[in-house]
Amino acid sequence: MTATPMFNDKSRFVRSPDLVASELEGEVVLLSVESSHFYNLNRIGSRIWDLLDQPLCIPEICRELMNQFNVSPADCESEVRQFIEKMLDQGLFRLA
């Protein structure tokens, strides 16, 4: 694990290039080439993974998720921030 970099609402995120990804039963499974760890993303995490094929900031990610899932803006932002922090810490996402 690495220290999570500081970010704000304007920070943009993308997938780490050191991962192998595959869809399995509607969810994304990741393999970190660097650490040899597997990660399984749930449906919403998989959607965020799909969105981050291009650099996006948290408000942009939340707009997309709120269009697809029944979630309040405050809950969406909180959950996305926690998810992004965890993914940054694991080296699965990076700042663009």
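If you're wondering where the values come from, they're calculated on a predicted model, not measured in any experiment.

**Side note on the nonpolar core**
One broad trend across soluble globular proteins is that nonpolar side chains are buried collectively.
At step 1: Residues Leu30, Ile48, Leu52, Ile61, Val80, Ile84 and Phe93 are the most contacted members of the largest nonpolar core, which totals 25 residues.
At step 2: Of all elements in the fold, only β3 (27–32), α1 (43–51), α2 (58–68) and α3 (73–90) reach the threshold of two or more residues within this core.
At step 3: At six residues, α3 tops the list of elements feeding residues into this core.
At step 4: Sequence-distant contacts of Phe93, that is, excluding residues within four places in its chain, are made with Val14, Arg15, Ser16, Ile48, Trp49, Leu52, Phe83, Ile84, Met87 and Leu88.

**Notes on the pattern of salt bridges**
Between side chains of opposite charge, a pair can form as their charged atoms come close.
At step 1: Here the structure, examined in full by the defined rule, presents four salt bridges.
At step 2: Across the pair Arg81 and Asp9 runs a salt bridge, and its minimum N-O distance is 2.1 Å. Here Arg81 is found in helix α3, whereas its partner Asp9 is found in the segment before β1 (13–15), with 72 residues between them in sequence.
At step 3: A residue is classified by how much of its surface remains accessible, and Asp9, at 37% relative accessible area, is partly exposed.

**A short note on the pairing of β3**
At step 1: Here β3 shows one buried face, formed by Val28, Leu30 and Ser32, and one open face, formed by Glu27, Val29 and Leu31.
At step 2: By the bridge criterion, six bridges tie strand β2 (residues 19–24) to β3 in an arrangement that is antiparallel. Across the sheet, the residue bridging to Glu23 is Val28, located in β3.
At step 3: Where β3 meets strand β4 (residues 38–40), three bridges bridge the pair, whose relative direction is antiparallel. The residue of β4 that forms the bridge with Val29 is Asn40.
At step 4: Counted between consecutive antiparallel strands, the loop separating β3 from β4 contains five residues, among which Ser36 sits at a positive phi close to 65°.

**Re the side chain of Ser32**
At step 1: Relative to the elements of secondary structure, Ser32 occurs in strand β3.
At step 2: The class of Ser32 is buried, set by a relative accessible area of 7%.

Conventions adopted
- Residues numbered from 1 in each chain as written.
- Predicted model: local features only at pLDDT ≥ 70, side-chain atom pairs only at ≥ 80, totals over all residues.
- Heavy atoms only, no water.
- Core = buried A, V, L, I, M, F, W, Y, C linked by side-chain atoms within 4.5 Å.
- Buried < 20%, exposed > 50% of the residue type's maximum accessible area, 1.4 Å probe, protein only.
- Helix = DSSP H or I, 4+ residues; strand = E, 2+ residues; numbered from the N terminus.
- Contact = heavy atoms within 4.5 Å.
- Salt bridge = Lys/Arg side-chain N within 4 Å of Asp/Glu carboxyl O.
- Pairing = 2+ DSSP bridges.

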